Amino acid sequence: MNGVMQPGPRKTARQLRDELAVVEACEPIQQAHQEAKTAYAEALKSGDPQAITAAKATKEQTAVRLNETRQWLRAEAAVAHLTHQLATPGRRPAEQQASMEAQLAHLEQLVVPIREALAAFPARVPDVVVEEPGSARVTLPTVQARKKGGQ
């Protein structure tokens, strides 16, 4: 039993933080999936076949996107963890070292294509500064104030 009376080993704080990071990263996609599920339920109630088909397709697309994103984020976290473990000096049996290296190579095969696809997106354009602060010179016309009535 673990600390919360569930079968299985107790999770470390690092594992819990990693799981929380995945959940937080997936929150917008999870929200979109929930909205798609609600829209599908409403389409079923309406009975409109076109609306049902469209809502079902959207619901399935968001489910696939959510699952793929979770899988990728977990793989990235595992890559980071294994990379850190392998970089940390310590004595490990040769077969454990080989197993970790093989697992890392397998995970890299999963994440590298996604990294490359993300790298293909255009980078955010940095804010453009037209002039350095304080270098702008403004000349205003001279204004003379007079009382109404021509004085």
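The structure we're discussing is the one just above.
Given the structure is predicted, the values throughout are model-derived calculations rather than measurements. All residue numbers refer to positions counted from 1 along the written sequence of the respective chain. In keeping with the predicted nature of the model, local features appear solely for residues at pLDDT of at least 70, side-chain atom pairs appear and are counted solely at 80 or more, and the whole-chain, interface and lining totals rest on all residues. Processing note: side-chain calculations cover all non-hydrogen atoms of the structure and skip hydrogens and water entirely.

Participant: Can you help me understand the packing of helix α2 (residues 49-87) against helix α3 (residues 94-119) in this one?
Facilitator: Each pair of packed helices can be summarised by the angle the axes make with each other and by the distance between the axes. For the pair α2 and α3, interaxial distance at closest approach is 9 Å and the crossing angle is 135°. Comparing their axes, α3 and α2 come out oblique. Seen along the crossing, α2 lies across α3 with a hand that is left-handed. Between α2, through W72, A75, E76, A78, V79, L82, T83, Q85 and L86, and α3, the contact on the second element is made entirely by Q97, M100, E101, Q103, L104, L107, E108, V111, I114, R115 and L118. The residue classification treats Ala, Val, Leu, Ile, Met, Phe, Trp, Tyr, Cys and Pro as nonpolar and Asp, Glu, Lys and Arg as charged. All others, Gly included, are polar. Residues of the contact of α2 with α3, tallied by class, amount to 12 nonpolar, four polar and four charged. Axis angles are defined between N-to-C directions and span 0 to 180 degrees, where every axis is a line fitted to C-alpha atoms and, for a helix, only to the segment in contact. For helices the rule is a DSSP run of H or I covering at least 4 residues; for strands it is a run of E covering at least 2, with both sets numbered from the N terminus onward. An angle counts as roughly parallel when it lies under 35 degrees, as roughly antiparallel when it exceeds 145, as roughly perpendicular when it falls between 65 and 115, and as oblique in every other case. Working rule for handedness: look at the near helix, and if it is turned counterclockwise from the far one by less than a right angle, call the crossing left-handed; if clockwise, right-handed. When checking whether two residues touch, look at their non-hydrogen atoms; a contact exists if any pair is within 4.5 Å.

Participant: Would you mind going over α3 with me for this structure?
Facilitator: Working rule for helices: expected span equals 1.5 Å times residues minus one. Compared with an ideal rise of 1.5 Å per residue, which puts 26 residues at 38 Å, α3 spans 35 Å between its outermost C-alpha atoms and is within 8% of the ideal. Three labels apply to residues, based on accessible area from a 1.4 Å probe with only protein chains included: buried if under 20% of the type maximum, exposed if over 50%, partly exposed otherwise in between. Those residues of α3 that sit buried are M100, L104, L107 and V111. In the core, the buried residues of α3 are packed alongside α2.

Participant: Whenever I open this one, the pattern of salt bridges confuses me. Can you help?
Facilitator: Between side chains of opposite charge, a pair can form as their charged atoms come close. Whenever Lys or Arg places a side-chain nitrogen within 4 Å of a carboxyl oxygen from Asp or Glu, that contact is recorded as a salt bridge. A complete count under the given rule lists two salt bridges for this structure. Among the salt bridges present, the one from R115 reaches E76, with a minimum N-O distance of 2.8 Å. With a gap of 39 residues between them, R115 in helix α3 and E76 in helix α2 connect regions that are remote in the sequence. A salt bridge links E108 to R115; its shortest N-O distance comes to 3.4 Å.

Participant: What is the right way to read the packing of aromatic side chains from this model?
Facilitator: Between two aromatic rings, the relevant description is the distance of the centres plus the angle of the planes. Here a Phe, Tyr or Trp ring, Trp counted by its six-membered ring, pairs with any other such ring whose centre lies within 6.5 Å, and the pair is stacked when the planes are under 30 degrees apart, edge-to-face when over 60, and tilted otherwise. This model, assessed by the stated rule, comprises zero aromatic pairs. Whether a charge sits over a ring depends on NZ of Lys or CZ of Arg being within 6 Å of the ring centre and within 35 degrees of the ring normal. Sitting over the ring of Y40, K59 keeps its end group 4.9 Å from the ring centre.

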